[in-house]
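Summary of the model geometry
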Amino acid sequence: MAERPRLLLREWSRLTPQDCPVLRGRSLEAADRALLARLAARSSLRVEELRHGLRIEVGPHVGTVTLSALRLDILPKLSLRHWLAMAGRVFALPQWLWADAMSSLAPGDEGLADLLGLALLRALRALERTGLRQDYREREAALAAPRGRLRFDRLERFGRRRLYCRYAEPDPATLVNRVLAGGVTQVCRLLLDAGLEQALRRLAARLFTGLDPLPADTHWLRQARRELLMRPGRDAAYRDALTLLALLAQGEYPAQPGEGPALGGFLLDMNALFEWFLDEHLRRHAPPGLQIASQETRADAFAYLDNPLRWHRPRIRPDLVFRRAGCPIAVGDAKYRDYRRQPPGSGELFQLTAYGLAYPLPEPRQVLLFHPLADGEEASSATLLFAPGASPHRVHIRLVGVPLARLLEGEGWWPEGLA
């Protein structure tokens, strides 16, 4: 992996062979196209083959993609320190997993894959200290000394020197351990830091030797979490490790070891991460008596007058609804976009206006459009009024900049005018 050229870019970027020499003369192989098609189905990454090289475009996604002849590290606009703090808070990961993370890696290797891989290494070391979960398998055998329960009905067959016993034997081949074993192998293919990769492989060899690994895909990760819920115990290290695998092991790996270069990729949606972080922060700092509902789905805003084809009603689902004493006072929507450089589009305004009209809000109806502010950027107030002459209702659509860096440093913040 080290001989592959590495391209560092930021979210919301577009690069062509003309402005990036690394992309000149590059082409994709069949396995690359298969991987990129799978990633494109759930992300904003687009890689296009041109006559003179590759054209790359990405929106609100960050992560790592390893192709046959190129490694892409897509970094957030936030500093990596702030991004780690945001991810830790959203996914309930303890802070000690990230402690001195960037200084623990080789200089220049601080991509998201390696930072999350280092946190996974620390979670697995905690798991090694507490010990692996084990199942107990019942066995029957003729033994020289008694163990478990004697089978008196079979004593005559083996004589006095051998006792036929039924006993339970510990077995570490639980589903969750097998998923961790397979997930570590997948993650190692994404890592740039050779020392980190070697440490992860050695630890996995100690912990999971002899286990038949399972892929850390959506299905098996869900089954592993279900196993933890059905048999609770000291599971903090397991939960942390499975959460990190869910972040890292999202890509498919068309090339198996020995069949060419290892390919892989994971991309995280910053729009979803911003929504989750904002929801958690607002709930934590809400003034007394203010209730916040997230992703509230309503099917009563629209109704068909004629519906011979029996279509389902359209639904609306605002990100946030603020209520006091059970009565809605404002509606909010979170968008991970830079509205200082480009105003909201018509489609977004239509959506926000529909939210404002769908709830019995006090006039003028208040709809908040939350968006992130870059480090050091100050919020600029902007409010749009929707007041058609044929309707008595007025909707105020107000842009609210969220100072992410300040919040991640522990400063308090609450939207002005919302109490």
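Thresholds, definitions, all that
Residues numbered from 1 in each chain as written. Predicted model: local features only at pLDDT ≥ 70, side-chain atom pairs only at ≥ 80, totals over all residues. Heavy atoms only, no water. Core = buried A, V, L, I, M, F, W, Y, C linked by side-chain atoms within 4.5 Å. Buried < 20%, exposed > 50% of the residue type's maximum accessible area, 1.4 Å probe, protein only. Helix = DSSP H or I, 4+ residues; strand = E, 2+ residues; numbered from the N terminus. Contact = heavy atoms within 4.5 Å. Phe/Tyr/Trp six-rings, centres within 6.5 Å; stacked < 30°, edge-to-face > 60°. Lys, Arg positive; Asp, Glu negative; His and termini not counted. Salt bridge = Lys/Arg side-chain N within 4 Å of Asp/Glu carboxyl O. Pairing = 2+ DSSP bridges. Axes fitted to C-alpha atoms, helices over the stretch in contact; angles between N-to-C directions. Patch = residues over 30% accessible without salt bridge, like charges linked within 9 Å, V, L, I, M, F, W, Y side chains within 5 Å. Areas by Shrake-Rupley, 256 points an atom, 1.4 Å probe, with all protein chains shown as cover.

**Some details on the nonpolar core**
Judged by nonpolar contacts, the single largest core of 78 residues is most densely connected at Trp83, Leu124, Leu180, Leu244, Leu278, Phe322 and Phe370. At twelve residues, helix 3 (residues 112–130) tops the list of elements feeding residues into this core. Those residues in contact with Leu278, other than ones at most four positions away along the chain, are Leu320, Ala334, Phe370, Val402 and Trp413. Within the second largest apolar cluster, 20 residues are counted, among which are Cys20, Leu39, Ile56 and Ile74.

**Observations concerning the packing of aromatic side chains**
Counting across every chain of the model gives three aromatic pairs. Between Phe91 and Trp276, the ring centres sit 5.9 Å apart and the planes meet at 80 degrees, which makes this aromatic pair edge-to-face. Taken together, the positions of Phe91 in the loop between helix 2 (80–90) and helix 3 and Trp276 in helix 9 (residues 270–285) put the pair 185 residues apart, joining distant regions of the chain. Looking at Phe91, the relative accessible area reads 23%, which means it is partly exposed. Geometrically, the ring pair formed by Tyr304 and Trp311 is tilted, given 6.1 Å between the ring centres and 55 degrees between the ring planes. For Tyr304, a relative accessible area of 35% gives the class partly exposed. Given a relative accessible area of 52%, Trp311 falls into the exposed group.

**Description of the side chain of Arg398**
Relative to the helices and strands, Arg398 resides in strand 16 (residues 395–403). For the buried residue Arg398, which engages in no salt bridge, the nearest side chain bearing the opposite charge is Glu416, 5.9 Å off. Those residues in contact with Arg398, other than ones at most four positions away along the chain, are Gln366, Val367, Leu368, Leu369, Ala382, Thr383, Glu416 and Gly417.

**A short note on the sheet that holds strand 11 (residues 290–294)**
Read across the sheet, six strands follow the order 11-12-13-14-16-15 without closing on themselves; strand pairing throughout is mixed. Where the open sheet ends on each side, the last strands, each with one partner, are strand 11 and strand 15 (382–386). The average undirected angle you get between the axes of adjacent strands in this sheet is 25 degrees. Relative to strand 16, strand 15 is paired through five bridges, and the arrangement is antiparallel. Bridge pairing in strand 16 links Ala382 to Leu399. Relative to strand 11, helix 9 is tilted by about 160 degrees, and along the sheet it contacts strand 11, strand 12 (320–324), strand 13 (327–334), strand 14 (365–373) and strand 16. Strand contacts of helix 10 (residues 346–358): strand 13, strand 14, strand 15 and strand 16, with the helix running at about 115 degrees to strand 16, the strand carrying the most contacts.

**Comments concerning a nonpolar patch on the surface**
A cluster of nonpolar side chains, namely Tyr304, Leu309 and Trp311, defines an oily patch on the protein surface of about 360 Å² accessible area. Among the structural elements, Trp311 can be located in the loop between strand 11 and strand 12.

**A closer look at the sheet that holds strand 3 (residues 46–50)**
Spatially, the three strands line up as an open sheet ordered 2-4-3, and their pairing is antiparallel. At either end of the open sheet lies a strand with only one pairing partner, and these are strand 2 (13–15) and strand 3. Taken pair by pair, the neighbouring strands of this sheet meet at an average axis angle of 15 degrees, ignoring direction. Where strand 2 and strand 4 (residues 53–58) come together, three bridges link them in antiparallel fashion. Residue Ser13 lies in a different strand from strand 4, and its bridge partner there is Val58.

**Structural notes on the pairing of strand 5 (residues 61–66)**
On any regular strand, side chains alternate: one points to one face of the sheet, the next to the other face. For strand 5, the buried fraction is high: six of the six residues fall into the buried class. In terms of strand pairing, strand 5 meets strand 10 (residues 264–269) through six bridges, oriented antiparallel. What sits directly across from Thr66, in strand 10, is Gly264. Note that strand 5 and strand 6 (residues 71–75) share four bridges and pair antiparallel. Bridge assignment links Thr64 to a residue of strand 6, and that residue is Asp73. Counting the residues in the hairpin turn of strand 5 and strand 6 gives four residues.

**Here we look at the pattern of salt bridges**
For the structure on display, the rule yields 20 salt bridges. Among the salt bridges present, the one from Arg14 reaches Glu57, with a minimum N-O distance of 3.2 Å. Remark: Glu57 occurs in strand 4 and Arg14 occurs in strand 2; sequence separation between them is 43 residues. Accessibility expressed as a relative area gives 26% for Glu57, which makes it partly exposed. The shortest N-O distance in the salt bridge between Arg365 and Glu363 comes to 3.0 Å. Through salt bridges that share partners, Arg6, Arg71, Asp73 and Asp114 make up one connected network.

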